[in-house]
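# Chains, contacts and geometry: an overview
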Amino acid sequence: MGVFHKCQFVLDFDASRVSYKVRQGLKNKILQDGGMIGYTVSRKTTHMVIDEGSKASFSYKTRKAQKLNIPIVGMSYIDDCLSSSRLLNPASYLIVDTQAQAGFGLGKIVGEHV
């Protein structure tokens, strides 16, 4: 059983920032270690991997992942899981905080009162 057994990843990269070769390499790492690649975000999605680009909070896939509380992590999460030979807690790899962003679609803005 691989590190990513029972995990389904959706990848969402800015093609101008992440080369085809890098994207394919990441897909291969996930597939070779037991993971699955999904092309749409759904309830079956366990993780979403994005580049650290500015489109992160604007893409449809990212907004849908936020709505479904799917962890949205950076590319380093994949390599770190593989080097640790186990699935790591995604909390320290979050690019977009799903909990903080969840209220945004509802028109709620929460800030500190001074």
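Details of the structure are given in the entry above.
Residues numbered from 1 in each chain as written. Predicted model: local features only at pLDDT ≥ 70, side-chain atom pairs only at ≥ 80, totals over all residues. Heavy atoms only, no water.

### Quick notes on the pattern of salt bridges
Going through the model one piece at a time under the given rule, you end up with two salt bridges. For Arg17, the salt bridge is made with Asp51, and the minimal N-O distance between the two is 3.2 Å. Within this pair, whereas Arg17 is found in the loop between strand E1 (8–12) and helix H1 (20–32), its partner Asp51 is found in the loop between strand E3 (47–50) and helix H2 (60–67), the two being separated by 34 residues in sequence. Its relative accessible area of 53% is what places Arg17 among the exposed residues. In this structure, Asp79 engages Lys29 in a salt bridge whose closest nitrogen and oxygen atoms are separated by 2.6 Å. (Salt bridge = Lys/Arg side-chain N within 4 Å of Asp/Glu carboxyl O. Helix = DSSP H or I, 4+ residues; strand = E, 2+ residues; numbered from the N terminus. Buried < 20%, exposed > 50% of the residue type's maximum accessible area, 1.4 Å probe, protein only.)

### Remarks on the pairing of E3
Here E3 shows no split at all, with His47 and Val49 on one side and Met48 and Ile50 on the other all buried. The pairing of E1 with E3 spans four bridges and is classified as parallel. Pairing of Val10 across the sheet is with Met48, part of E3. When E3 meets strand E4 (residues 72–74), the two strands line up parallel, connected through three bridges. Among the inter-strand pairings, Met48 is bridged to a residue of E4, identified as Ile72. (Pairing = 2+ DSSP bridges.)

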